[in-house]
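# Fold and contact review
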Amino acid sequence: MLETPIIPSADYSKVYEPAEDSYLLLDLFEQIRCELSSKRYAHSVPLVVEIGTGSGVVTAFLNKNILPKALYLATDVNPHSCVIAARTNSHNATSYNMDVIRCDLTSPLLTEKVDILIFNPPYVPAEKVPEIPKDDKDPRWLDLALDGGPTGMDITQRVLDSLHTILALKGEAYILFCARNQPDKVVEDFKKKSPGKWDVTMEIRRKAGWEMLSVYKFVRLCE
Amino acid sequence: MKFLTTNFVRCAVKSCAASSDSFPLVFSECQLVQQEQDFDAEFLTSMLDRLDWPALIKVAADLGNNSIPQVKPENIDPEDPESERILRDLHSLLLETQITEGKMICNHCQHVYYIKNSVANFLLPPHLAN
């Protein structure tokens, strides 16, 4: 079993503490390690982007254990996360190939460059998606990591809608869902919008407390 | 933000995505720090084919470095001393140069983004958000 990255002195009132959802992603990447490391992407150095990196545990795990020769770019809207994620990475893995930027999803990234996208979204159904706090000291930064609107899909749906502009050809996205997001229906609708252009599979599923979590892989097959 | 990252980011405003003026951003009033990093010749060599060379030259010039070769180096053989020198230079520029403070400006909409404490901030004010 691969080691879970150590997160040095994080303040979990400011950044999402790794939980069952984070560990489900780590377990999945451990399971498919050989497949990932033998795969040929559009470029010889794959660009791995993690949206909403939080503590940075997933990116650090991949950089350390799964694809040490990839280029990593982690994003978060939370200013505390940007600092902590970079620190988590350098504490556990090489830092020459990793950077963090503060942004909404992937908004400043050049289109169709990402070979591997990872997203553990704010998937919890909640009345609405919280507004972005104006001040770094605001205690509500954490809410952004959790609340995803009425079906918990508000943010994930935005990523799915722009997935064809984010991913390079043959690029793949690993996105986490909870059962209340109705992932089967989401995937069906997604495939209907662009028939034949995507291969979507459920990669792992696990009960975590009263939640049923799953990770789906979306592979971009063609233009 | 590492110098390398400037090769992957453009203006975050949606209506700028289609404009070639939104990439690369214009870097101004930047403070740089050299941060030592492990040298990985193989990584750099493979990285070369991902790089947008004209953008790299432009950003380097913004930051006061006009010594970048006009053409992307080819036929890099990490065993060859001349190639190694080129890779070491690229290593120092792309991976060791941290922009710790500064401004990034979109040449299309003129929006100014800031880099503070080494973190580039691409969040948009509500009236520009997508």
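Under an unreviewed UniProt entry, the name given to chain B is Multifunctional methyltransferase subunit trm112, and the source organism is Kuraishia capsulata CBS 1993.

Chain A goes by Methyltransferase small domain-containing protein in an unreviewed UniProt entry, where it is assigned to Kuraishia capsulata CBS 1993. Entered under Sequence similarities (unreviewed entry) in the UniProt record, the comment concerning chain A runs "Belongs to the eukaryotic/archaeal PrmC-related family."

### A word on the overall build of chain B
Scanning chain B for helices and strands turns up three helices and four strands. Its helices and strands in sequence order give chain B the pattern β-α-α-α-β-β-β, from N to C terminus. Scaling as 2.2 N^0.38, a compact globule of 130 residues should have a C-alpha radius of gyration of about 14 Å, and chain B matches this with 16 Å. Sorting the 130 residues of chain B into buried and exposed places 49% on the buried side. In chain B, the proportion of contacts linking residues at least 24 apart, taken out of those at least 6 apart, comes to 67%. Surface summary for chain B: the accessible area is close to 6,500 Å², and the carbon and sulfur share equals 48%. Counting 10 positive and 18 negative side-chain charges, chain B places the averaged centre of each group 12 Å from the other.

### Quick look at the interface of chain A and chain B
Taken together, the contact pairs 29 residues of chain A with 27 residues of chain B. Here chain A meets chain B over a buried area of about 2,500 Å², counting both sides, of which 61% is carbon and sulfur. The three residues of chain A that bury the most area against chain B are Tyr96, Arg102 and Leu110 of chain A, which together make up 29% of that side's buried surface. For the interface between chain A and chain B, the tally reads two salt bridges. Lysine 69 of chain A is the partner of aspartate 40 of chain B in a salt bridge, and the nearest nitrogen-oxygen pair spans 2.6 Å. There are 16 residue pairs in polar contact (both at pLDDT 80 or more) connecting chain A and chain B. At the level of secondary structure, the elements contributing two or more residues to the side of chain A that touches chain B comprise strand S2 (71-76) and strand S3 (98-102) of chain A. In terms of residue class, the side of chain A that touches chain B is made up of 16 nonpolar, seven polar and six charged. Note: S3 of chain A against strand S4 (residues 119-121) of chain B, two bridges, orientation parallel. Paired with arginine 102 of chain A across the two strands is asparagine 121 of chain B, which belongs to S4 of chain B.

### Topic: the sheet that holds strand S2 (residues 97-105) of chain B
Across the sheet, 11 strands lie side by side as S6(A)-S7(A)-S5(A)-S4(A)-S1(A)-S2(A)-S3(A)-S4(B)-S3(B)-S2(B)-S1(B); this open sheet has mixed pairing. Each edge of the open sheet carries a strand with a single partner, namely strand S6 (198-208) of chain A together with strand S1 (26-34) of chain B. Strand-to-strand twist in this sheet, taken as the mean axis angle between neighbours without regard to direction, amounts to 20°. Sheet topology note: the strand S5 (residues 167-178) of chain A/strand S7 (residues 211-220) of chain A ladder contains seven bridges and is antiparallel. Among the inter-strand pairings, alanine 173 of chain A is bridged to a residue of S7 of chain A, identified as phenylalanine 218 of chain A.

### So, the state of the cysteines
Residues and elements named next belong to chain B. Evaluation of the coordinates by the stated rule reveals zero disulfides over all chains. Cysteine cysteine 30 shares no disulfide, and the gap to the nearest cysteine sulfur, in cysteine 106, comes to 16 Å. A residue is classified by how much of its surface remains accessible, and cysteine 30, at 22% relative accessible area, is partly exposed.

### Remarks on the UniProt feature "domain: Methyltransferase small" (unreviewed entry) in chain A
Under the UniProt annotation, "domain: Methyltransferase small" (unreviewed entry) lies at residues 48-126 of chain A. Secondary structure content for residues 48-126 of chain A is 30% helix and 27% strand, and the end C-alpha separation is 29 Å.

### Here's the deal with the packing of helix H3 (residues 57-66) of chain A against helix H4 (residues 79-92) of chain A
Residue and element names in this part refer to chain A. Viewed as axis vectors pointing N to C, H3 and H4 meet at an angle of 25°, and their least axial separation amounts to 8 Å. It follows that H3 is roughly parallel to H4 by the angle criterion. The chirality of how H3 crosses H4 is right-handed. Of the residues in H4, those touching H3 at Val57, Ala60, Asn63 and Lys64 are Thr88, Asn89 and Asn92. Taken together, the residues that form the contact of H3 with H4 break down as two nonpolar, four polar and one charged.

### So, the environment of proline 195 of chain A
Residues and elements named next belong to chain A. Inspection of the secondary structure puts proline 195 in the loop between helix H6 (183-193) and S6. Relative accessible area serves as the criterion here: at 63%, proline 195 is assigned to the exposed category. For the pair proline 195 and isoleucine 116, spaced 79 residues apart in sequence, the C-alpha separation works out to 21 Å.

Cut-off values and rules
Residues numbered from 1 in each chain as written. Chains lettered and ligands numbered in written order. Predicted model: local features only at pLDDT ≥ 70, side-chain atom pairs only at ≥ 80, totals over all residues. Heavy atoms only, no water. UniProt positions renumbered as here; feature names shortened; annotations may be inferred. Helix = DSSP H or I, 4+ residues; strand = E, 2+ residues; numbered from the N terminus. Rg over C-alpha atoms; globule rule 2.2 N^0.38 Å. Buried < 20%, exposed > 50% of the residue type's maximum accessible area, 1.4 Å probe, protein only. Contact = heavy atoms within 4.5 Å. Areas by Shrake-Rupley, 256 points an atom, 1.4 Å probe, with all protein chains shown as cover. Lys, Arg positive; Asp, Glu negative; His and termini not counted. Charge placed at Lys NZ, Arg CZ, Asp CG, Glu CD. Buried area = accessible area lost by both parts, 1.4 Å probe. Salt bridge = Lys/Arg side-chain N within 4 Å of Asp/Glu carboxyl O. Polar contact = N/O pair within 3.5 Å; in protein donor to acceptor, adjacent residues only side chain to side chain. Nonpolar A, V, L, I, M, F, W, Y, C, P; charged D, E, K, R; others polar. Pairing = 2+ DSSP bridges. Axes fitted to C-alpha atoms, helices over the stretch in contact; angles between N-to-C directions. Disulfide = S-S within 2.5 Å. Parallel < 35°, antiparallel > 145°, perpendicular 65-115°, else oblique. Left-handed = near helix turned anticlockwise from the far one by under 90°.

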